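The lines below spell out each chain.
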Amino acid sequence: RNSAEMVRKLISKKEMYEVVQKHQVPTPFTLFPNNLEEAAAYAEKAVFPVMLKGILGNRLQARTRKKMVIVRSKEELIENYKRLEDPNFPNLMLQEYIPGGDDQVYIFNGYFNKESECLAGFTGYKIRQFPTHVGCASLGETVWNKEVADLTTRFMRSIRYQGILDIGYRFDARDGRYKVLDINPRIGQAFRLFLAENGMDVARALYLDLTGQKPYPIVPREKRRWVIEDYDIISSIHYYQEGTLRFGEWIRSFRNVEEGAWFHWKDPLPFFWMLSGLLKRALLWLGKRLRIVKGEA
């Protein structure tokens, strides 16, 4: 039962930035320009690449189908700012880009009771993302990271957080610190990546706590992998096209996959719905390609 004020502060990246600064939690340097002129002034002295993100990511995605982009020059920053910003409701921020692969993005998934004690805590990292390099985990792996877990539990205790939490960090090899990227005060999209040896996850921990039962001890299933089937097919194609994923490596990446977001043999219908959507997307892409080829001819 978090206050509405706390939830608002955590979902707004501008207010979240103020919260993490106050509690001395590492985070990338971020600016919040009010208009194009301020963004252009920053571009004059910026070290590129830079992340251009939505303060309220879902609002930006609803308008533009993007939550963030990586910009690599002053011209690219200004072009994307003009394309993505809503002058009537400024919603863009500029964030320091932390170099490194997708596997440097770590997730903490947990449940905190009314005393802000962590009754269930898991950590893992992203193997592939959708969209590539800037999106959700299309393929992830559970690996215990004590530094990320300790940092998160101290932080949540200090702000008196309650409930399920999904929080993302990126490891910055330049100073050896894990830096907060976003805080989601809700169940995360990839929560089923995180499963204990006894079958517990954050949703079950919440249920047991709210019904007065004692949650079972949490021993995370190390090396467990989880995949969003359609997202990972698309992102794998993009990684292959950019030359960062080879076919053999792609095949081996599924070795420890224990569960998919869509498929379960007891209820296969959602998986076939997903396949129909993926087929429709592929046909639309093929149609566009054929029109381009025909136009060039």
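See the structure above.
Keep in mind that what you see is a predicted model, and the values were worked out from it rather than measured. (Residues numbered from 1 in each chain as written. Predicted model: local features only at pLDDT ≥ 70, side-chain atom pairs only at ≥ 80, totals over all residues. Heavy atoms only, no water.)

1. A look at the environment of Gly-110
Among the structural elements, Gly-110 can be located in strand S5 (residues 105-112). Since its relative accessible area comes to 0%, Gly-110 is described here as buried. As for Gly-110 and Tyr-81, which are separated by 29 residues in sequence, their C-alpha atoms are 35 Å apart. Beyond its immediate chain neighbours, meaning those up to four positions away, Gly-110 contacts Ala-120, Gly-121, Gly-163, Ile-164, Leu-165 and Val-202. (Helix = DSSP H or I, 4+ residues; strand = E, 2+ residues; numbered from the N terminus. Buried < 20%, exposed > 50% of the residue type's maximum accessible area, 1.4 Å probe, protein only. Contact = heavy atoms within 4.5 Å.)

2. Details of the pairing of strand S2 (residues 50-54)
Most of S2 sits out of view: 5 of its 5 residues are buried. Here S2 shows a buried face lined by Val-50, Leu-52 and Gly-54 and a second buried face lined by Met-51 and Lys-53. Relative to strand S4 (residues 92-96), S2 is paired through 5 bridges, and the arrangement is antiparallel. Note on S4: the bridge partner recorded for Met-51 is Gln-95. (Pairing = 2+ DSSP bridges.)

3. Observations regarding the sheet that holds strand S11 (residues 257-260)
Sheet architecture is open: 7 strands sit in the order S9-S8-S5-S6-S7-S10-S11, paired in mixed fashion. Sheet topology places strand S9 (177-184) and S11 at the edges, where each strand pairs with a single neighbour. Averaged over all adjacent pairs, the angle separating strand axes in this sheet is 30°, with direction ignored. Relative to the sheet, helix H6 (residues 146-159) contacts S5, strand S6 (118-130), strand S8 (163-172) and S9, its axis offset from that of S5 by approximately 45°. Strands in contact with helix H8 (residues 229-241) are S6, strand S7 (136-142), strand S10 (225-227) and S11; relative to S6, the strand with the most contacts, it is inclined by about 45°. (Axes fitted to C-alpha atoms, helices over the stretch in contact; angles between N-to-C directions.)

4. Looking at the sheet that holds strand S1 (residues 30-31)
Two pairing modes exist for strands in a sheet, parallel and antiparallel, and in both the strands are linked by backbone hydrogen bonds. Strands sit in the order S1-S4-S2-S3 across an open sheet of 4 strands; the sheet is antiparallel. Both outer strands of the open sheet, S1 and strand S3 (68-71), are each paired with one neighbouring strand and no more. One ladder, built from 4 bridges, connects S2 with S3; its direction is antiparallel. Bridging from a neighbouring strand, Val-50 pairs with Val-71 of S3.

5. Focus: the pattern of salt bridges
Oppositely charged side chains can pair when the atoms bearing their charge come close. Per the stated rule, a full pass over the model turns up 19 salt bridges. Its salt-bridge partner being Arg-174, residue Glu-96 comes within 2.7 Å of it at the nearest N-O pair. Of this pair, Glu-96 sits in strand S4 while Arg-174 sits in the loop between S8 and S9, and the two are 78 residues apart along the sequence. Overall, Glu-96 belongs to the partly exposed group, its relative accessible area being 24%. Note that Glu-259 and Arg-192 form a salt bridge whose closest N and O atoms lie 3.0 Å from each other. (Salt bridge = Lys/Arg side-chain N within 4 Å of Asp/Glu carboxyl O.)

6. Concerning the packing of aromatic side chains
On inspection of all chains with the given rule, the structure shows 12 aromatic pairs. Their ring planes at 40° and their centres at 6.3 Å tell us that Phe-108 and Phe-112 sit as a pair that is tilted. Residue Phe-108 shares its accessibility class with Phe-112, and that shared class is buried. Considering the side-chain rings of Trp-250 and Phe-254, the 5.2 Å spacing of their centres and the 85° angle between planes classify their relative orientation as edge-to-face. Under the relative-accessibility criterion, Phe-254 is labelled partly exposed at 27%. Here a set of aromatic residues connected by ring pairs shows up, and it is made of Tyr-106, Tyr-125, Phe-171 and Tyr-178. (Phe/Tyr/Trp six-rings, centres within 6.5 Å; stacked < 30°, edge-to-face > 60°.)

7. Considerations on the environment of Phe-130
Considering the arrangement of structural elements, one finds Phe-130 in strand S6. Relative accessible area serves as the criterion here: at 14%, Phe-130 is assigned to the buried category. Considered as a pair, Phe-130 and Met-68 are 62 residues apart in the sequence and their alpha carbons are 12 Å apart. Setting aside chain neighbours within four positions, we find Phe-130 in contact with Gly-135, Cys-136, Ser-138, Tyr-231, Ile-234, Ser-235 and Arg-281.

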